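In case you want the letters, here they are:
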Amino acid sequence: MNSEQLQRLIDTFFKCPKESLVEIFRELLGMVEAENVLPPGGLMSRNYETAQANPEIHSLPGNLKDARDAVLPFFWGTDGWNSPLHLENVKGPTNYASMVGALACLLKNPNLCVDTYCLRSNELEVKAITALANLIFYHTDTPWGVFTMGGTISNLYAGKIGIEKVCPGAMQKGLTGQRIVGIVSEAAHYSNKTLAGWLGIGTDQLIAIETDAQCSMRIDRLEQRLDELYREGVPVAFVIATFGTTDAYGVDDLEAIHRVIHEIAARYDRPAPHLHVDAAIGWTGCFFSEYDLSKNPLQIRESLLPRVEKLQSLARGFRLVDSVTIDFHKMGWGHYPSSAFIVNRREELTYLLREKQEVPYFSEADYRHDPALFTLECSRPALGPYCVMASLNGIGLQGYQLLVARAMELADYLKQRLESLDNCMVLNIDNLGPQVVFWVLPKGRDAKQIYQAILDGTIKQDATDRYFSEMKRLFDKRQQAIDPKVDARLSYTNSIGFRPGGRGLPAWKAVFFHPGTSEADVDRIVASIEDLV
Ligand SMILES: *Cc1c(COP(=O)(O)O)cnc(C)c1O
């Protein structure tokens, strides 16, 4: 053993070399600063050709700058979505309070699997979960939950609990060939299909209930379908409602769903399906639960207030549900991964408990402090709790209200501007999220009339096809023509989640995520649309 070499390694890589770290961090910050004065998008072209062929590794020990140099081109080649012109999707800048939390977390690298591996970081998770639960469920006595790798995994926890409720012991015995179904809406996120597949009930057994024009689950159809399923003797493991669909911010009526599933399950003497809400996007609506609309302290635009009131009333439904998914790494402006799966009553988690003999090396485990006794994951990062608590307390409740209201206002402004154009039509005009999904047709077409004809079923399939391909062509045309320095980037969805006549509606999409986006940026979008023929 060359002890001198070993000592050098220890000194370079295992003693916190403050000066070198600060220097490198300052350099990285400089690059972020430089990026911010450039237009969003491709800072550097990709080079996949040799990524696999040439994964070089240094042979001699180096230093922290070698580490920096190893990642630098990829760091520089990555768009941080810090530009207010990024409107493509629910992705945007992270806030710097979250960064403070994340850095603190990385310096300690706690592992949340058991409390002896993370000490007070476990307590921080309990705090973060409870803070979010109070915001969402509002009145709740025994909430509990965990941070997961993402909304997909948070939804998966709910699916698993639902399966255990209708098929007790499935964790040990498996599904034993039984048909088990789960229910979502047609506008639900595809992650629900993922969980149906991965949990073994099968993607074909995930039943999608039709939505109305607001992309909300149709309660009449849910009632009908549940009745059919129970009549056929099929166990319904879960209903995953959506609060804020990814494209159009459709919100399912939680109170109505709760009432319907309990009534019908009771009628057939079956256990009620687990009622989970995928609020990965929509949870920030809960920041308005106590907002005083009559005083309107944030001076939210008058015209929006009735819709805020509607949102407050819909959010009251959270009090009735069994569990919820929250993605803080989306509209919370936090870092990945900051998704939380939270149950309204802690008993729900007992469906997931492992026996202590199954986790031999956690012999001291206590399931209240040692989430490894029920989590899907073993090692679990603490980034979520650190990012959440740093953000919530940095920005504050009012700060979040302001940010969420601003996104709503900008979305509303774009909606109003687009609605005044005959060849445009906003598909989610009444929804109250940061997203705008809309049609742009060639000048001379009456978009609203065409939409109505599609709803009425009085239009031929090939005519619809033609309009949709015109719309995509116009989108591509704008994409090619935009000046990246001033024109916002939009995206295109093939189906917003409402399917009149069984057919998905494509649309242009804009999401107001960056609080720095301005009315002038919106005006430019409208001008760029008017410039298209
Ligand atoms: C993004 C999203 C998900 C998936 O969450 P990830 O964190 O990306 O895994 C689930 N549901 C909805 C409604 C979403 O928008």
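Residues numbered from 1 in each chain as written. Predicted model: local features only at pLDDT ≥ 70, side-chain atom pairs only at ≥ 80, totals over all residues. Heavy atoms only, no water.

1. Digging into unusual backbone geometry
Cut-off, in case you're wondering: Helix and strand assignments follow DSSP, with helices taken as H or I runs no shorter than four residues and strands as E runs no shorter than two, numbered in order from the N terminus. For each residue, the accessible area found with a 1.4 Å probe, counting protein chains only, is set against the maximum for its type, and the residue is called buried under 20%, exposed over 50%, and partly exposed in between.
The amide bond that connects Tyr 336 to the next residue, Pro 337, takes the cis arrangement and shows omega of -15°. You can see Pro 337 is positioned in the loop between β6 (323-327) and β7 (339-343). For Tyr 138, which is not a glycine, the phi torsion comes out positive at approximately 70°. With respect to the secondary-structure elements, Tyr 138 resides in the loop between α6 (120-137) and β1 (144-148). Exposure remark for Tyr 138: the relative accessible area of 26% places this residue in the partly exposed category. For Cys 215, which is not a glycine, the phi torsion comes out positive at approximately 65°. Along the polypeptide, Cys 215 turns up in the loop between β3 (206-209) and α10 (219-231). By relative accessible area, Cys 215 is classed as buried at 1%.

2. What about empty space enclosed by the protein?
So the rule is basically this: A cavity here means a set of points on a 1 Å grid, drawn over the protein atoms and nothing else, where a 1.4 Å probe fits but cannot get out; a pocket is an open set with protein on both sides within 12 Å along at least five of seven lines, and a residue lines either one if it has an atom within 4 Å of a point. Grid points are joined across faces, edges and corners, and a volume is the space filled by probe spheres set on the points. Side-chain classes follow a simple rule in which Ala, Val, Leu, Ile, Met, Phe, Trp, Tyr, Cys and Pro form the nonpolar group, Asp, Glu, Lys and Arg form the charged group, and the remainder, Gly included, forms the polar group.
Per the stated rule, a full pass over the model turns up 5 cavities of 30 Å³ or more. There is about 80 Å³ of room inside the largest cavity. Around the largest cavity, the lining comprises 13 residues; the ones closest to its centre are Thr 284, Met 331, Val 404, Gly 433 and Pro 434. The element that contributes the greatest number of residues to the lining of the largest cavity is helix α13 (residues 383-419), accounting for 3 residues. The residue makeup of the lining of the largest cavity, split by class, is 10 nonpolar, 3 polar and no charged. Here the second largest cavity defines a volume of roughly 50 Å³. Residue lining of the second largest cavity: Asn 122, Glu 125, Val 126, Ile 129, Trp 144, Gly 145, Val 146, Arg 368, Pro 371 and Phe 374, and that is the complete set.

3. A few points about the nonpolar core
Defined as follows: Residues belong to a common nonpolar core when they are buried Ala, Val, Leu, Ile, Met, Phe, Trp, Tyr or Cys residues joined through side-chain atoms within 4.5 Å. Note on definitions: a residue-residue contact is assigned when non-hydrogen atoms from the two residues lie within 4.5 Å.
In terms of nonpolar packing, the biggest core is built from 79 residues, with Leu 132, Phe 243 and Phe 318 touching the most fellow members. Element by element, the count of residues in this core is highest for α13, at 10 residues. When neighbours within four sequence positions are excluded, Phe 318 is seen to be in contact with Ile 136, Phe 137, Phe 243, Leu 254, Val 277, Ala 279, Cys 286, Val 324 and Asn 344. In terms of nonpolar packing, the next biggest core, distinct from the first, is built from 47 residues, Val 426, Trp 439, Phe 512 and Leu 532 among them.

4. Observations regarding a nonpolar patch on the surface
Put simply, the rule reads: A patch consists of residues whose relative accessible area exceeds 30% and which take part in no salt bridge; residues with like charges are grouped when within 9 Å of each other, and nonpolar side chains (Val, Leu, Ile, Met, Phe, Trp, Tyr) when within 5 Å. Each accessible area is a Shrake-Rupley result for a 1.4 Å probe, and residues are judged covered by the shown protein chains and nothing else. Salt bridges are identified by distance alone: a Lys or Arg side-chain nitrogen within 4 Å of an Asp or Glu carboxyl oxygen.
A surface patch of nonpolar side chains, about 590 Å² in accessible area, is lined by Met 1, Leu 6, Leu 9, Phe 13 and Phe 14. Take Phe 13: it is sitting in helix α1 (residues 3-13).

5. Let's talk about the site of the ligand
Counted only if it meets this: Whether a residue is near a molecule or strand depends on its heavy atoms: if one lies within 4 Å, it is near. In the analysis that follows, any N or O atom pair within 3.5 Å is treated as a polar contact, provided that within protein one partner can donate a hydrogen and the other can accept it, and provided that, for residues neighboring in sequence, both atoms belong to side chains.
What surrounds the ligand is the set Gly 150, Gly 151, Thr 152, His 189, Ser 191, Thr 246, Asp 278, Ala 280, Ile 281, Asp 327, His 329 and Lys 330. Between the ligand and Thr 152, the relevant distance is 2.9 Å, taken from an oxygen atom to a side-chain nitrogen or oxygen of the residue. Interatomic distance of 2.9 Å between a side-chain N/O atom of Thr 246 and an oxygen atom of the ligand. Here the ligand, which alone exposes 380 Å², has 85% of that area covered by the protein. A class-by-class count of the residues in the shell around the ligand yields 2 nonpolar, 7 polar and 3 charged.

These figures come from the coordinates and say nothing about function on their own.
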